Amino acid sequence: AAKESGRSTYRFYEAEMRLAAERRHVMTAELWEALEKRQFELHYQPIVQLDNDGIGGFEALIRWRHPKRGLVAPMEFIPLAEETGLIVPIGDWVIREACRAAAGWPAHLRIAVNLSVSQFRHVSLLSTVVAALDETGLNADRLEIEITESVFLTDADQSLPRLRALKELGVRIAIDDFGTGYSSLSYLRSFPFDKIKLDRSFVSGIETDAGNLAIVRAVVGIGSGFNATTLAEGIETEEQLQKLRAEGFSEVQGYLLGRPMPQHEAEALIHGRALKTASSRS
Ligand code: C2E
Ligand code: MG
Ligand code: MG
Ligand code: MG
């Protein structure tokens, strides 16, 4: 009986695996189609500057408007897009679309765009960025590229010149999800960056967890030591906002300040009612 059940378990796994492979296959085809049929859209989440409580810019976050499944979050398709190389054409579209939107905004507003490691490594990256800036007329210093620590870690021989080339164009570099990588901090000495985005996992426990507060303080110190802007991600409560303001962060982002929203809503926010943080609200 044990042998029997072992065999059927195996058959079950085999069937599961086949199904998973099939799903991936279908989804890869669907992603190609999504590109052709323009089913991707960018949502924009406000970034608030704490020195004047004004919006300093937006982060562009991709969504897939799936004909049957509705709005699909990036975590459900970006990993597959990375594996299949589709992230490169998708990412090209993201950069162009984000620059196009931002070019229509007041000149003090920046646009932040996320790049995955494989996009960062791809030979076409620089020419894509140059073309997007050219086509849209967006000033390079209004574009901020968000990369994670993993970009710094592997293949430094290639990453460093690439980062320098982006810096030479005038593009800004932000380190996303800071604190969650496996890296030592030594890369900070050799790589150019303009901003550190503290991962939201450190923000969420800040009210109660003394360890998180210690990390938050260390990050503010690193930021000021390297002359970089410090941003705290994932602010959801007034209390978190007050704490991070008191610790000296320059910028905040999170559901409390504004969720990612379609372009027309972002533009209503830009042109209409001002976004207010806690101290100015009352
Ligand atoms: P990320 O760059 O760290 O973006 C922040 C994520 O946290 C976003 O999720 C955002 O909606 C969410 N978020 C913002 N504020 C809060 C908050 O207060 N609480 C909580 N719980 N979450 C908050 P989203 O849009 O699902 O994106 C997830 C990740 O997908 C991004 O993480 C980024 O790594 C990746 N991604 C998004 N758009 C792109 C893209 O165009 N290209 C690439 N390569 N990756 C992208
Ligand atoms: Mg990001
Ligand atoms: Mg992040
Ligand atoms: Mg993240």
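The structure we're discussing is the one just above.
In this report, the structure presented in the accompanying data block is examined. Predicted model only: the values in this text are computed from it and were never measured. (Residues numbered from 1 in each chain as written. Chains lettered and ligands numbered in written order. Predicted model: local features only at pLDDT ≥ 70, side-chain atom pairs only at ≥ 80, totals over all residues. Heavy atoms only, no water.)

Notably, Arg 38 is not glycine yet its phi reads approximately 55°, a positive angle. Relative to the helices and strands, Arg 38 resides in the loop between helix 1 (2-36) and strand 1 (40-49). (Helix = DSSP H or I, 4+ residues; strand = E, 2+ residues; numbered from the N terminus.)

Protein coordination at the magnesium ion (ligand 2): the donors are Glu 59 (OE), Asn 114 (OD1), Glu 146 (OE) and Asp 176 (OD), at 2.0 to 2.2 Å from the metal. Donor residues binding the magnesium ion (ligand 2) come from one chain and are separated in sequence as E-x54-N-x31-E-x29-D. A gap of 3.8 Å separates the magnesium ion (ligand 2) and the magnesium ion (ligand 3), which Asp 176 links by coordinating each metal. With Glu 146 in strand 5 (residues 143-148) and Asp 176 in strand 6 (residues 172-178), this residue pair connects regions lying 30 residues apart in the sequence. The class of Glu 146 is buried, set by a relative accessible area of 1%. Its relative accessible area of 7% is what places Asp 176 among the buried residues. (Donors = N, O, S within 2.8 Å, 3.2 Å for Na, K, Ca; no water. Buried < 20%, exposed > 50% of the residue type's maximum accessible area, 1.4 Å probe, protein only.)

A few words on the nonpolar core. Within the largest apolar cluster, 78 residues are counted, with the highest numbers of intra-cluster contacts made by Ile 111 and Leu 143. In terms of residue count, the dominant contributor to this core is helix 3 (residues 87-103) (nine residues). Beyond its immediate stretch of four places on either side in the chain, Leu 143 contacts Cys 99, Ile 111, Val 113, Val 129, Leu 133, Leu 138, Val 171 and Arg 172. (Core = buried A, V, L, I, M, F, W, Y, C linked by side-chain atoms within 4.5 Å. Contact = heavy atoms within 4.5 Å.)

A word on the site of ligand 1. Close to ligand 1 lie 23 residues; Arg 63, Asn 114, Asp 176, Glu 236 and Tyr 255 are nearest. A distance of 2.9 Å is found between an oxygen atom of ligand 1 and a side-chain nitrogen or oxygen belonging to Asp 176. One of the side-chain N or O atoms of Asp 177 is found 3.0 Å from an oxygen atom in ligand 1. In the complex, the protein chains occlude 85% of the 810 Å² of accessible area that ligand 1 would expose alone. Only strand 2 (54-66), helix 3 and strand 6 provide two or more residues apiece to the shell around ligand 1. Here the shell around ligand 1 gets four residues from one element, more than from any other, and that element is strand 2. (Near = heavy atom within 4 Å. Polar contact = N/O pair within 3.5 Å; in protein donor to acceptor, adjacent residues only side chain to side chain. Areas by Shrake-Rupley, 256 points an atom, 1.4 Å probe, with all protein chains shown as cover.)

Most of strand 5 is tucked away: five of the six residues are buried. Summarising the sheet, strand 4 (residues 110-114) and strand 5 pair through four bridges and their orientation is parallel. Looking across to strand 5, one finds that Asn 114 is bridged to Glu 146. (Pairing = 2+ DSSP bridges.)

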